[in-house]
Amino acid sequence: MPGYHVTTFGCQMNEHDSERMKGMLESLGYEERPARADADLILFNTCSIREKADERFVAHLQEARAIKRRRPETVVGVGGCWAQSVKDEVFRRFPFVDVAFGPGQVHKLAEFLTSDSLTAQGFFEFEGFTGHLPEKRAREFQGWLQISVGCNCRCAYCIVPSTRGREVSRPAAELVAEVRRMASEGVREVTLLGQNVNSYGRDLRPRASFAVLLSAIDAVEGIARIRYTSPHPKDMREDVARAHAELPAVCEHVHLPLQSGSSRILKAMRRTYGRERYLDRVRLIREHVPDVALTTDVIVGFPGETEADFRETLEVVEDVGYDGAFTFIYSPRRGTEAAQLDGRIEHAVAVERMERLVEVVQRRAHERAQRFVGRTLEVLVEGPSRTDPARLRGRTRHNKVVNFAGDARPGDLVEVRIDSATSQTLAGGQMKGGHLSATAFLPSLA
Ligand code: SAH
Ligand code: SF4
Ligand code: F3S
């Protein structure tokens, strides 16, 4: 049997796409190999969101070249957003690459592998959803659902519209059928994926809405948890906030990317909302789901960001009190509007702002997490704890990682009493029949 090895960079959409690549390769008779050096087909599913993502990937690619020098028959493939953004240039810069394809062309990889021609080829037109390919799930109880591809926004810093193209939604009936199949295969938690999930369905005829899709998926028997990423604040409406309150499977967690707390910078970013409008969305969500966990993305050092602008970001982060945040230093991306802007922020200044931001994020997340201490929460078990294999690890509906003493299998939903909380993780013991289970008293390192 020929063997393949896939390395995935970037976001959850890429993780999803890689599962589909693997499923497709296995249907062609390939098997997964743990080491790159043992694979006949070495694949990279790339990301280009920030400069660091590019650099990391190129280092890996050099290793593939070394393997190919030793074994020239090895096939090297490059897919994903970086490949899409440089297109055929891949072959000029890295002549040892055999096949390159964008996120809408994963199925062409099969065509390439089964054709007689071994000349290098690139495929970059959007042709189909990777969600239509067979999948190979990393965990049998968690599934991705690609509800749309592409993005119609024009955020000035972002390369994604040029790598993933215009937004295209999949029909709701098809999505519900896919979730039914997942549920019958043991999936308990499904994560809806799109660049802007809550603009879902506007391109469909008849039009569909994200909130209605949530309720259709909520009705599928066996699905205990629904998550989604990422919504855009401009499209966050009351129907979605209500869905969190009323639909039992929709989790009490919303990832609402802020990017900046300064309306002036938000405008330059072309986010189409200002600080007040964003805060109003937060109030709306909290009105319907008071205990909701909110997380966000923030960029520091966008061109022209002054100390006063940055302080406004700090203020919003302080006032909202996020349960967690991903923080990024602005990175100019080829072909984007912001890359042409004046007012580049010195790296040292951006780093200093980042440090101040992280301090506020962590302090507020730590404070927010204390509300869970003493409560008993439902946890979906994922496996052994990473820090102490004698304990278990799982996630709450609020998307908090919990390390706990107990006995359960991956995929089980258990009750855990929370004893302590840091900004990142919770710790506790499993409850059974209203009492701590015997295993919860085992000594632990935590
Ligand atoms: N479609 C999603 C995710 C976009 S990428 C959304 O809109 O939320 C994830 C995050 O990366 C973004 O939210 C943004 O905070 C960050 N990001 C995107 N482009 C960036 C850039 N050029 N420099 C720094 N951070 C960036
Ligand atoms: Fe990029 Fe903005 Fe689209 Fe998100 S909404 S993918 S940040 S252009
Ligand atoms: Fe990266 Fe593309 Fe995702 S640029 S973050 S892999 S959409």
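About the thresholds
- Residues numbered from 1 in each chain as written.
- Chains lettered and ligands numbered in written order.
- Predicted model: local features only at pLDDT ≥ 70, side-chain atom pairs only at ≥ 80, totals over all residues.
- Heavy atoms only, no water.
- Helix = DSSP H or I, 4+ residues; strand = E, 2+ residues; numbered from the N terminus.
- Rg over C-alpha atoms; globule rule 2.2 N^0.38 Å.
- Lys, Arg positive; Asp, Glu negative; His and termini not counted.
- Charge placed at Lys NZ, Arg CZ, Asp CG, Glu CD.
- Buried < 20%, exposed > 50% of the residue type's maximum accessible area, 1.4 Å probe, protein only.
- Contact = heavy atoms within 4.5 Å.
- Near = heavy atom within 4 Å.
- Nonpolar A, V, L, I, M, F, W, Y, C, P; charged D, E, K, R; others polar.
- Domains from an automatic or database assignment.
- Core = buried A, V, L, I, M, F, W, Y, C linked by side-chain atoms within 4.5 Å.
- Expected span 1.5 Å × (residues − 1).
- Pairing = 2+ DSSP bridges.
- Axes fitted to C-alpha atoms, helices over the stretch in contact; angles between N-to-C directions.
- Polar contact = N/O pair within 3.5 Å; in protein donor to acceptor, adjacent residues only side chain to side chain.
- Areas by Shrake-Rupley, 256 points an atom, 1.4 Å probe, with all protein chains shown as cover.

Enquirer: Would you mind going over the overall build of the protein chain in detail, with residue names and values included?
Expert: The helix and strand tally for the protein chain stands at 13 helices and 20 strands. For 446 residues, the compact-globule estimate of 2.2 N^0.38 gives 22 Å, and the protein chain sits close to it at 23 Å. Taken over the C-alpha atoms alone, the protein chain extends approximately 65 × 55 × 50 Å along its principal axes. Within the protein chain, one finds 63 positive and 62 negative side-chain charges whose respective centroids are separated by 1 Å.

Enquirer: Describe the environment of glutamate 415, with residues and values.
Expert: Structurally, glutamate 415 can be placed in strand β18 (residues 413-421). On the accessibility criterion, glutamate 415 (39% relative accessible area) is partly exposed. For glutamate 415 and leucine 377, which are 38 residues apart along the polypeptide, the C-alpha to C-alpha distance reads 5.5 Å. If we ignore the near neighbours within four places in the chain, the residues touching glutamate 415 are Thr376, Leu377, Glu378, Gly429, Gln430 and Met431.

Enquirer: Please give an account of the site of ligand 3 that cites residues and values.
Expert: For ligand 3, the full set of nearby residues is Cys11, Asn14, Cys47, Ser48, Ile49, Cys81, Val160, Arg164 and Gln195. A per-class count over the shell around ligand 3 returns 5 nonpolar, 3 polar and 1 charged. Each of domain 1 (3-123) and domain 2 (130-369) contributes no fewer than three residues to the shell around ligand 3.

Enquirer: Requested: an account of the domain arrangement of the protein chain, with residues and values cited.
Expert: Split into domains, the protein chain comes out as domain 1 (3-123), domain 2 (130-369) and domain 3 (373-441). Relative placement of domain 1 and domain 3: their C-alpha centres are 38 Å apart.

Enquirer: Any details on the nonpolar core? Residues and values, ideally.
Expert: Leu192 and Leu214 are the most contacted members of the largest nonpolar core, which totals 65 residues. If near-sequence neighbours (up to four positions away) are discounted, leucine 192 is found in contact with Leu145, Ile147, Val197, Phe210, Leu213, Leu214, Ile217, Ile226, Arg227, Tyr228 and Thr229. Counting residues in hydrophobic clusters, the runner-up holds 22 residues, among them Ala53, Phe57, Ala83 and Phe91.

Enquirer: Requested: an account of helix α1 (residues 12-27), with residues and values cited.
Expert: The terminal C-alpha atoms of α1 lie 23 Å apart, and with 16 residues this matches the ideal 22 Å at 1.5 Å per residue to within 8%. Where burial is concerned, most of α1 is hidden: 12 out of the 16 residues are buried. Of all the positions in α1, only Met13, Asn14, His16, Asp17, Ser18, Glu19, Arg20, Met21, Lys22, Gly23, Met24 and Leu25 are classed as buried. Glycine 29 occupies a position one or two residues after α1 and carries a positive phi of about 95°.

Enquirer: Now, about the sheet that holds strand β11 (residues 225-229): what can you tell me, with residues and values included?
Expert: One open sheet accounts for 3 strands, arranged β7-β10-β11; its pairing is parallel. Of all strands in the sheet, those bounded by a partner on one side alone are β7 (142-146) and β11. Between one strand axis and the next, the sheet turns by 25° as a mean value, whatever way the strands run. Where strand β10 (residues 189-193) meets β11, 5 bridges bridge the pair, whose relative direction is parallel. Looking at the pairing, valine 190 lines up with isoleucine 226 of β11.

Enquirer: Explain the site of ligand 1 to me, using residue names and the numbers behind them.
Expert: Taken together, 14 residues form the shell around ligand 1, and within it Tyr157, Gln195, Gln259, Asp297 and Ser331 come nearest. Here an oxygen atom of ligand 1 sits 3.1 Å away from a polar atom, N or O, in the side chain of arginine 50. One of the side-chain N or O atoms of aspartate 297 is found 2.7 Å from an oxygen atom in ligand 1. The fraction of the free accessible surface of ligand 1 (540 Å²) that becomes covered by protein chains is 88%. Elements that contribute at least two residues to the shell around ligand 1 include exactly β13 (293-300) and β14 (324-329). Residues belonging to the shell around ligand 1 are distributed by class as follows: 7 nonpolar, 4 polar and 3 charged.

Enquirer: Can you explain the environment of serine 148? Please cite residues and give values.
Expert: Examined against the element boundaries, serine 148 turns out to sit in strand β8 (residues 148-149). Under the relative-accessibility criterion, serine 148 is labelled buried at 0%. Once the C-alpha coordinates of serine 148 and glycine 194 are considered, the two residues, 46 residues apart in sequence, prove to be 5.1 Å apart. If we skip the residues at most four places from it in the chain, serine 148 touches Met13, Val168, Ser169, Leu193 and Gly194.

Enquirer: Go over the side chain of glutamate 305, please, and point to the residues and values.
Expert: Mapped onto the elements of the fold, glutamate 305 is located in the loop between β13 and α12 (307-320). Using a relative accessible area of 3% as the deciding quantity, one classes glutamate 305 as buried. When sequence neighbours within four positions are dropped, the list of residues in contact with glutamate 305 reads Ile265, Ile299, Val300, Phe310, Ile345 and Arg353.

Enquirer: Give me the lowdown on the side chain of threonine 191, citing residues and values where you can.
Expert: Secondary-structure assignment places threonine 191 in strand β10. For threonine 191, a relative accessible area of 9% translates into the label buried.

Enquirer: Requested: an account of the sheet that holds strand β12 (residues 253-255), with residues and values cited.
Expert: Hydrogen bonding along the main chain pairs the strands of a sheet, whether they run parallel or antiparallel. Taken in spatial order, the 3 strands make up an open sheet running β12-β13-β14, and their pairing is parallel. The strands lining the two open edges of the sheet, one partner per strand, are β12 and β14. Between one strand and the next, the sheet's axes are offset by a mean angle of 10°, whatever the strand orientation. Of the pairings in the sheet, the one linking β13 to β14 comprises 6 bridges and is parallel in character. Bridge pairing in β14 links valine 300 to isoleucine 329. Running over the sheet, helix α13 (residues 347-369) touches β13 and β14 and is turned about 180° from β14.

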